[in-house]
Amino acid sequence: AQVHVYDPKVKREEALTEFRYHDMQVDEARLVFSASPQAAVGGAHAIVVLTEWDEFKTYDYAAFHAMMMKPAFVFDGRGILNRPQLERIGFEVHTIGQARREQGASAADQSPEPEVEGLTVEESLRSTTGRVILVTGTAGFVGFHAAAALKKRGDGVLG
């Protein structure tokens, strides 16, 4: 899998230097830094927002949704996006710190997040949807919850 990155303030070499500083091995051939958000989302399964740049709030997410594979996901790691608007567009939205209710279900009906710690590699990669998705930073709060949401949905998770 390739990961397409768009950050209006961080350049490719700066990000790679940060990875090296933290002793993180990155396959640079699979890490694509895009010149625009449109280039980054074209053909993607998910948008993952990990920084709080104001411009991320102003994008035409309906246009992004049209360019993406379906189902299309948004993982809002900063809680800065308009979740109801994104859901009306057709995104499956996961906002860190906010529970996601199934249509017509009350909070009491919701099952807890799946237990993902302690899964074997084989269990983690098992998919009922036919998708295996790379999630970076799964040791952190955002990455862990993104991986848990994908596993709950039935996707395989690598990360």
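Source: prediction; values computed, not measured. (Residues numbered from 1 in each chain as written. Predicted model: local features only at pLDDT ≥ 70, side-chain atom pairs only at ≥ 80, totals over all residues. Heavy atoms only, no water.)

Asks: How do you make sense of the packing of aromatic side chains when you look at a structure like this?
Replies: To describe a pair of aromatic rings, one takes the distance between the centres and the angle between the planes. Under the defined criterion, the tally for this structure stands at five aromatic pairs. Among the aromatic residues, ring-to-ring pairing joins F56, Y59, Y61 and F64 into one connected group. The ring of W53 has K9 lying over it, and the distance from NZ or CZ to the ring centre is 4.7 Å. (Phe/Tyr/Trp six-rings, centres within 6.5 Å; stacked < 30°, edge-to-face > 60°. Lys NZ or Arg CZ within 6 Å of the ring centre and 35° of its normal.)

Asks: How do you make sense of the pairing of strand β5 (residues 92–95) when you look at a structure like this?
Replies: Each regular strand displays side chains that alternate between the two surfaces of the sheet. Here β5 shows two buried faces, one formed by E92 and H94 and the other by V93 and T95. The handedness of the strand β4 (residues 73–76) to β5 crossover, carried by helix α4 (residues 83–89), is right-handed. (Buried < 20%, exposed > 50% of the residue type's maximum accessible area, 1.4 Å probe, protein only. Helix = DSSP H or I, 4+ residues; strand = E, 2+ residues; numbered from the N terminus. Right-handed = clockwise from strand over helix to strand, strands pointing away.)

Asks: Would you take a moment to explain the side chain of D7 for this structure?
Replies: In this structure, D7 sits in the loop between β1 (3–5) and α1 (12–21). Of note is the side chain of D7, whose polar atom sits 2.8 Å from the backbone nitrogen of K9. The contact partners of D7, leaving out residues within four places of it in the chain, are T51 and W53. (Polar contact = N/O pair within 3.5 Å; in protein donor to acceptor, adjacent residues only side chain to side chain. Contact = heavy atoms within 4.5 Å.)

Asks: What is the right way to read the confidence of the model for the chain from this model?
Replies: A low pLDDT means the predicted coordinates there should not be read in detail. Confidence in the prediction for the chain averages 78 pLDDT; 69% of positions are at 70 or higher. Within the chain, the lowest mean pLDDT, 64, falls on helix α5 (residues 121–125), and the highest, 96, falls on helix α3 (residues 61–67). (pLDDT = per-residue confidence, 0-100.)

Asks: Explain the pattern of salt bridges here, please?
Replies: Between side chains of opposite charge, pairing is possible as soon as their charged atoms come close. By the definition in use, this model includes six salt bridges. The salt bridge involving R12 is made with E28; its shortest N-O contact spans 3.4 Å. Note that R12 is positioned in helix α1 and E28 in the loop between α1 and β2 (31–33), a separation of 16 residues in sequence. The exposure class of R12 is partly exposed, given its relative accessible area of 33%. Of the charged contacts in the structure, one is a salt bridge between R30 and D27, with a shortest N-O distance of 3.2 Å. Residue D27 is classed as partly exposed on the basis of its relative accessible area of 43%. (Salt bridge = Lys/Arg side-chain N within 4 Å of Asp/Glu carboxyl O.)

Asks: Honestly, the nonpolar core in this entry has me stumped. Any pointers?
Replies: Across soluble globular proteins, you tend to see nonpolar side chains buried next to one another. I47, Y61, M68, V74, L81, L86 and F91 are the most contacted members of the largest nonpolar core, which has 16 residues in total. Those residues within four positions of L86 in sequence are excluded, and the remaining contacts are Y61, V74, L81, F91 and V93. Of all hydrophobic cores here, the second largest spans five residues; its members include F73, F75, A149 and L150. (Core = buried A, V, L, I, M, F, W, Y, C linked by side-chain atoms within 4.5 Å.)

Asks: Help me understand the side chain of T95, please; the structure alone is not making it clear to me.
Replies: Within the secondary structure, T95 is located in strand β5. When neighbours within four sequence positions are excluded, T95 is seen to be in contact with D76, G79 and R83.

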